[in-house]
Amino acid sequence: MRRNPRELTLLQRSTNRRTLLVGGLQLAFAGGLAMRMRYLQVDQADQFRLLAEENRINIRLIPPTRGKIFDRNGNVLAQNSPSYRVVIVREDAGDVDQVLKNLSELIPLNQEELDRALTEMRRSPPFLPVTLADQMGWDDISKVAVNAPALPGITPEVGLTRLYPRGPDLAHVIGYVGPVSDYDLSKMEDPEPVLRIPRFQIGKVGLEAKCEDMLRGKAGAKRVEVNATGRVMRELDRREGQPGADLQLTIDAELQAYVHARLDHESASAVVIDCETGDLRAIASAPSFDPNMFVRGISVAEYSKLTNDPYRPLASKSVQGVYPPGSTFKMITAMAALEEGIIGPSDTVYCPGYLEVAGRRFHCWRRGGHGHVDLETSLKQSCDVYYYDLALKVGIDKISAMAQRFGIGVRHDLPMSAVARGLAPNREWKQRVHGQDWLIGDTANSSIGQGYTLASPMQLAVMTARIATGREVTPRLIKSIDGVEQPSGAGEMMALNQGNLRTLRKGMFAVLNDRRGTAYGSRIIEETFRMAGKTGTSQVRNITTAERAAGVVRNENLPWERRDHALFICFAPYDKPKYAVAVVIEHGGGGSSVAAPVARDIMLQALYGGTPPLTAYPAKDRDRVKDLQERLRLERQRRDAEESGRA
């Protein structure tokens, strides 16, 4: 059938359009394919060349620089120091045993470190470096570098390690760092990858541990090309990490050093707190230890020496140790009675030397008694019977509540290890913990800081600062973080009768400045710095009726561990309190004869901001103080010389 010419024309036009459309699509596809091939083969040639031949790109972490720690005056307390070490790569070493033998002929190698390194090499890929020796001196690292051609697989490296320039002075405050252990990782729910870097250091105890997240910083990363066996071929790019925050503490390093020197040869602790801000100017625990030993790697012998020492140098006694506060607690009992209106400042109690309570005699420290005593006299002469009588009238629950208001039985929020809560016992506590009813004799014991009552030196310092100011002073250890000032611990006024607090202060002033006061011999002579305080002696043994009848054995005639603890708390200046100090000397004997002179010397050092004039001391103490000052001067010179040598 012949087609109409018009129909043929329409058919040809339709065919041409389809041809053009299909051709256009084919051309577009071919063009897109060509562009993609150019992109892959030209623009991305370098990138895909790295992936060729079974190469791959790995991400490696860059350890962050740990933040520094400074004292309030800008003195460095913890810093990062260059650390020379020797590492070995097993696949490059060939005969590992022979290489180690050659290395040992050049430098001394610790057998424990070698055994650890060999174990690590066996369980690590052959291309990963393993540390053979760390914390090396320049002479040793130079020998390794010079003889590198004869030591295949051995490489000298420079890293950073922690250094504590002040050594033992702040060991219990700052703590120390050490390599991440399996135990450390087991305590973390989702450990950061940086913690798995070999020999990476983290805080183990103290401020280093409590502020680990701030001090550690954030790890950086680098992209490296590795071949099929995992060997690094080259570094492609890197992103630097974020260094850890720098911390400035409230501690005065020079005052801290003085306090440690003053506590020398004692098992003791002392705390100095700024009454105006709550800043902790010194927190010392004696004896101490050198935290640098733990960073370097402490030997079994050195560690055993520390743990077997009866004076417990590893314990942070200032915040961790809790002791019966003895007579330093009497202000709490008195304040509870004053606030309840049970007694007034001029009311008296008769002290014959004991008080009969439930068929048992509770004795005063003075065997013949004090006679009629009012509140000021009871503090000045530390009469026990006065407080037995008060406690029976006011009751243990109100005494306990008052103790907590003054910071006893409260765990203060400080970035230090094992901060103790102490104990301000009451009826509910004894029933809950011991399943027993509270006895009236328990109340008598607690009234003079014995029995179940326990307080740390830190808590005693806070208590003293609150008595001195009438404010809820809170201890502060960190002054600033990366230059940002932290909240003050000055606190608000306590909801207490300020007249009652003034009565307590007046009695504490008499303790030191009245000739009949128990600490008169440890007074401050300088008028503008007159001090108020309270002695305390806490028993660690029971005195039997037979011993009391025959005469109580003197502390100096007892074994050290059976002697009483010596305590003293104080604040100064009396008219405008600046500092509060608490001192506890374990098994030191009497608070007035042992702890009070130490606290007075520390207080003067703080008030003068350095070495005080001898005229501030009673004449009888000046020769001793002069000798102490000279010894400290020589010690400071020696320490400064050591720091200059390290620099």
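Residues numbered from 1 in each chain as written. Predicted model: local features only at pLDDT ≥ 70, side-chain atom pairs only at ≥ 80, totals over all residues. Heavy atoms only, no water.

**Details of unusual backbone geometry**
So, step 1. Here the amide bond leading from Ala286 into Pro287 is cis, since omega sits at -5°, within 30 degrees of zero.
So, step 2. The omega torsion of the bond from Ala572 to Pro573 falls at -10°, within 30 degrees of zero and hence cis.
So, step 3. Looking at where Pro573 falls in the secondary structure, it is placed in the loop between strand S20 (565–572) and strand S21 (579–585).
So, step 4. Non-glycine residue Ser382 carries a positive phi angle of around 55°.
So, step 5. Relative to the assigned elements, Ser382 resides in the loop between helix H15 (375–380) and helix H16 (384–394).
So, step 6. Its identity is not glycine, yet Asp482 carries a phi of approximately 50°, on the positive side.
So, step 7. Counting through the fold element by element, Asp482 comes out in the loop between strand S17 (478–481) and strand S18 (484–485).
So, step 8. Overall, Asp482 belongs to the exposed group, its relative accessible area being 52%. (Helix = DSSP H or I, 4+ residues; strand = E, 2+ residues; numbered from the N terminus. Buried < 20%, exposed > 50% of the residue type's maximum accessible area, 1.4 Å probe, protein only.)

**Observations regarding the state of the cysteines**
So, step 1. Under the counting rule described, the total for this entry stands at zero disulfides.
So, step 2. There is no disulfide at Cys351, and the cysteine sulfur nearest it, in Cys383, is 3.6 Å away.
So, step 3. Take Cys364: it sits in no disulfide, and the sulfur closest to it among the cysteines is that of Cys351, at 4.0 Å.
So, step 4. Judged by its relative accessible area of 5%, Cys364 falls in the buried class. (Disulfide = S-S within 2.5 Å.)

**Looking at the packing of helix H11 (residues 253–262) against helix H23 (residues 591–608)**
So, step 1. At a minimum axis separation of 10 Å, H11 and H23 run at an interaxial angle of 160°. The pairing of H11 with H23 is recorded here as roughly antiparallel in orientation. In this structure, H11 crosses over H23, and the sense of that crossing is right-handed. The residues of H23 that touch H11, namely those facing Leu255, Tyr258, Val259 and Arg262, are Pro597, Val598, Asp601, Ile602, Gln605 and Ala606.
So, step 2. Classifying every residue of the contact of H11 with H23 gives seven nonpolar, one polar and two charged. (Axes fitted to C-alpha atoms, helices over the stretch in contact; angles between N-to-C directions. Parallel < 35°, antiparallel > 145°, perpendicular 65-115°, else oblique. Left-handed = near helix turned anticlockwise from the far one by under 90°. Contact = heavy atoms within 4.5 Å. Nonpolar A, V, L, I, M, F, W, Y, C, P; charged D, E, K, R; others polar.)

**Some words on the side chain of Ser316**
So, step 1. Residue position: Ser316 is located in the loop between helix H13 (300–307) and helix H14 (330–339).
So, step 2. On the basis of relative accessible area, Ser316 is assigned to the buried category, the value being 6%.

**Focus: the sheet that holds S21**
Think of a sheet as strands paired side by side through backbone hydrogen bonds, with each pair either parallel or antiparallel.
So, step 1. Pairing is antiparallel across the open sheet formed by five strands, whose spatial order is S12-S11-S21-S20-S19. Here the strands that pair on one side only, and so sit at the sheet edges, are strand S12 (280–286) and strand S19 (532–538). Neighbouring strand axes in the sheet, compared pairwise and without regard to direction, differ in orientation by 5° on average.
So, step 2. Two strands pair when backbone bridges link them, and strand S11 (residues 268–274) and S21 are joined in this way by seven bridges, in the antiparallel orientation. Looking at the pairing, Ser269 lines up with Val584 of S21. (Pairing = 2+ DSSP bridges.)

**Topic: empty space enclosed by the protein**
So, step 1. Enumeration according to the criterion identifies one cavity of 30 Å³ or more in this entry.
So, step 2. Approximately 30 Å³ is the volume attributed to the largest cavity.
So, step 3. Along its surface, the largest cavity is lined by Leu77, Tyr164, Arg166, Gly167, Leu170, Ala171, Ile174, Gly175 and Pro291.
So, step 4. Grouping the constituent residues of the lining of the largest cavity by class yields six nonpolar, two polar and one charged. (1 Å grid on protein atoms, 1.4 Å probe; cavity = no way out; pocket = protein on both sides within 12 Å on 5 of 7 lines; lining within 4 Å. Points joined across faces, edges and corners; volume = space filled by probe spheres on them.)

**A short note on the packing of helix H20 (residues 457–469) against helix H21 (residues 498–513)**
So, step 1. Here H20 crosses H21 at 115°, and the two axes come no closer than 8 Å. Between H20 and H21, the crossing angle belongs to the class labelled roughly perpendicular. Residues Ile467, Ala468 and Thr469 of H20 form the contact with H21, whose participating residues are Leu501, Arg505 and Met508.
So, step 2. Residue composition of the contact of H20 with H21, by class: four nonpolar, one polar and one charged.

**As for the side chain of Ser267**
So, step 1. Among the secondary structure elements, Ser267 is positioned in the loop between H11 and S11.
So, step 2. The buried category is assigned to Ser267, whose relative accessible area is 1%.
So, step 3. Within the local environment of Ser267, its side chain forms a polar contact with the backbone oxygen of Tyr311, the two atoms lying 3.5 Å apart.
So, step 4. Within polar-contact distance, the side chain of Ser267 engages the side chain of Glu586 at 2.6 Å.
So, step 5. When neighbours within four sequence positions are excluded, Ser267 is seen to be in contact with Ala286, Pro287, Tyr311, Lys317, Trp560, Val584, Ile585 and Glu586. (Polar contact = N/O pair within 3.5 Å; in protein donor to acceptor, adjacent residues only side chain to side chain.)

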